[in-house]
Amino acid sequence: LEKEEAKAERKAGARGKLGEARESKAIDQLRAAIKEGKAAGLEPGELQETEALLGAEERKLAARTGLEEAVASPGVQRLRAAIDEGEKAGLEEAEVKEARASLETEEANAERKAGARGKRGEARESKAIDQLRAAIKEGKAAGLEPGQLQ
């Protein structure tokens, strides 16, 4: 009888930890509560909600990391992918805001470089010295590499 009571108490304690972990949404706490629930002999159905929440929180964490990395070494495709994953993972808009701003900057830079390349091509065709100088100046300002200015 004491063993059954001890088992029931352990299960009740595990259920309480699962509830606390779900409230906190802390990944370490969720993992520990699931582990304790399994050790206490809770049914899989009792763990299901917490396991799903753990998966969602882990996805959010991975999305946050992806956003940080994309902002640290930006590129249009990388930023778009990180923003998309952040949205799919359910991150708040505030968590994606910096990446969106970085994406806008990267897209503007890409457009500016494309425009400078276009003017460089036009200047080459015209062979007008003033136009060539202006195209080189614009290319430098747009951030084109020296090899791209020729």
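Residues numbered from 1 in each chain as written. Predicted model: local features only at pLDDT ≥ 70, side-chain atom pairs only at ≥ 80, totals over all residues. Heavy atoms only, no water.

**Student:** Report on the overall build of the chain, specifying residues and quantitative values.
**Tutor:** A count of helices and strands for the chain gives six helices and zero strands. When the helices and strands of the chain are placed in sequence order, the string is α-α-α-α-α-α. Dimensions of the chain, computed from the C-alpha atoms along their principal axes, are close to 100 × 25 × 20 Å. Every one of the 150 residues in the chain was classed for burial, and the buried ones make up 26%. Counting only contacts in the chain whose residues sit at least 6 apart along the sequence, the fraction spanning at least 24 positions is 55%. Element-wise, carbon and sulfur atoms account for 50% of the exposed surface of the chain, whose accessible area totals about 10,000 Å². In the chain, which carries 29 positive and 32 negative side-chain charges, the distance between the mean positions of the two groups comes to 7 Å. (Helix = DSSP H or I, 4+ residues; strand = E, 2+ residues; numbered from the N terminus. Buried < 20%, exposed > 50% of the residue type's maximum accessible area, 1.4 Å probe, protein only. Contact = heavy atoms within 4.5 Å. Areas by Shrake-Rupley, 256 points an atom, 1.4 Å probe, with all protein chains shown as cover. Lys, Arg positive; Asp, Glu negative; His and termini not counted. Charge placed at Lys NZ, Arg CZ, Asp CG, Glu CD.)

**Student:** Which residues make up helix H3 (residues 44-72), and what values go with them?
**Tutor:** When the terminal C-alpha atoms of H3 are compared, their 41 Å separation across 29 residues agrees well with the 42 Å that a helix rising 1.5 Å per residue should span. Within H3, the axis deviates most sharply at Thr50, by approximately 25°. (Expected span 1.5 Å × (residues − 1). Bend = angle between axes of the 7 residues up to and from the residue.)

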